[in-house]
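Structural description and commentary
One letter stands for each residue in the lines below.
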Amino acid sequence: MVRFRWLRNRLKELSQSTFIERILLVFPFFILVLDLYMLHHALSIGDQKIIVPATLLFIFSVMEIIVAFDEIHEHVIETLSDKKISKKVRSVVKGSKHNMTVKRAMELSLERYPELRKYRRKLYHVICRVLSEEMDDE
């Protein structure tokens, strides 16, 4: 269903998120339920002094949930990007017969995968991590 693509994508990203991120997402929903209860109670009483703050708390809770989903989305996109770059770097490192340094790995990676030029800073950190893992395996 095309209409629910955004929701399906966010739920898929939520399933790929860490355990702590999922736990931290539960709290805003819990507070949202409490806000809804308080807003319902304020509306049933009809007290304006309670309705206005309860409505504001409800709006802030919804905004907090949206921000939490956005942060999870950014984290998942970052992780997937790192995995793709890491896969390419591993292929360059394993395919090379030279003694691999960070500078040499950068040059070979950029030569073999020119699309990585826009990820130069991230590429440096991924290469360092991959070379570190390679040294640990030996």
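Report follows, based on the coordinates. (Residues numbered from 1 in each chain as written. Predicted model: local features only at pLDDT ≥ 70, side-chain atom pairs only at ≥ 80, totals over all residues. Heavy atoms only, no water.)

1. Comments concerning the overall build of the protein
Let me state the cut-off plainly: Helix and strand definitions here come from DSSP, where helices need a minimum of 4 consecutive H or I residues and strands a minimum of 2 consecutive E residues; each element is numbered from the N-terminal end. Only the C-alpha atoms count toward the radius of gyration. The rule for a globule is 2.2 Å times the residue count to the power 0.38. The rule is simple: take the accessible area with a 1.4 Å probe, protein chains only, and divide by the maximum for that residue type; under 20% is buried, over 50% is exposed, in between is partly exposed. By definition, residues are in contact when any of their heavy atoms lie within 4.5 Å. Residue-level accessible areas treat just the shown protein chains as cover; the underlying method is Shrake-Rupley with a 1.4 Å probe.
Check the secondary structure of the protein and you find five helices and zero strands. Helices and strands appear in the protein in the N-to-C order α-α-α-α-α. The C-alpha atoms of the protein give 24 Å as radius of gyration, which overshoots the globular expectation for 138 residues (14 Å, by more than 25%). C-alpha extents for the protein along the principal axes are approximately 75 × 35 × 20 Å. With 138 residues in all, the protein has 30% of them scored as buried. Within the protein, contacts between residues separated by at least 24 positions form 58% of all contacts whose residues are at least 6 apart in sequence. For the protein, the accessible area works out to roughly 10400 Å², and carbon and sulfur atoms hold 64% of it.

2. Side note on the packing of helix H3 (residues 48-95) against helix H4 (residues 102-112)
Operational definition: Angles here are taken between N-to-C directions and fall from 0 to 180 degrees, while the axes themselves are lines fitted to C-alpha atoms, restricted in helices to the stretch in contact. Any angle from 65 to 115 degrees is called roughly perpendicular, while one under 35 is roughly parallel, one over 145 is roughly antiparallel, and all others are oblique. By definition, turning the near helix anticlockwise from the far helix through less than a right angle yields a left-handed crossing, and turning it clockwise yields a right-handed one. Nonpolar residues are Ala, Val, Leu, Ile, Met, Phe, Trp, Tyr, Cys and Pro. Charged residues are Asp, Glu, Lys and Arg, and all others, Gly as well, are polar.
Between H3 and H4, the least distance of the axes is 10 Å, while the angle of their chain directions is 110°. Classified by the interaxial angle, the pair formed by H3 and H4 is roughly perpendicular. Our pair here, H3 against H4, has a crossing hand that is right-handed. Across the interface between the two elements, Val 89, Ser 91 and Val 92 from H3 touch Ala 105, Leu 108, Ser 109 and Arg 112 from H4. Considering only residue class, the contact of H3 with H4 consists of four nonpolar, two polar and one charged.

3. Some remarks on the environment of Leu 7
For Leu 7, the location among the structural elements is in helix H1 (residues 5-16). For the pair formed by Leu 7 and Ile 77, sequence separation is 70 residues and the distance between their alpha carbons is 16 Å.

4. Description of helix H2 (residues 19-45)
Here is the rule: How far a helix is expected to stretch is found by multiplying one less than its residue total by 1.5 Å.
End to end, H2 covers 40 Å across 27 residues, agreeing with the expected 39 Å (1.5 Å per residue, within 8%). Every buried residue of H2 is listed here: Glu 21, Leu 25, Pro 28, Leu 32, Asp 35, Leu 39 and Ala 42. Elements that come into contact with the buried residues of H2 comprise H1 and H3. The first or second residue beyond H2 is Gly 46, which carries a positive phi of 85°.

5. Quick word on H3
An α-helix turns once every 3.6 residues. As a result, residues three or four positions apart point the same way. Threshold: In protein, a polar contact means a hydrogen-donor-capable atom and an acceptor-capable atom, both N or O and within 3.5 Å, with residues adjacent in sequence counting only if both atoms are side-chain atoms; elsewhere, any N or O pair within 3.5 Å suffices.
Helix length check: H3, at 48 residues, gives a terminal C-alpha distance of 71 Å against a target of 70 Å (1.5 Å per residue), a fit within 8%. Where H3 starts, the residue carrying a side-chain oxygen 3.2 Å from the main-chain nitrogen of Lys 49 turns out to be Asp 47.

6. Observations concerning the pattern of salt bridges
Two side chains of opposite charge can pair, provided their charged atoms sit close to one another. Test applied: The term salt bridge refers to a pairing of a side-chain nitrogen on Lys or Arg with a carboxyl oxygen on Asp or Glu at a separation within 4 Å.
Taken as a whole and assessed by the stated rule, the structure comprises six salt bridges. The residue Lys 88 makes a salt bridge to Glu 115 at a minimum N-O spacing of 2.8 Å. With Lys 88 in helix H3 and Glu 115 in the loop between H4 and helix H5 (120-137), this pair connects stretches of sequence that are 27 residues apart. Its relative accessible area of 24% is what places Lys 88 among the partly exposed residues. A relative accessible area of 39% places Glu 115 in the partly exposed class.

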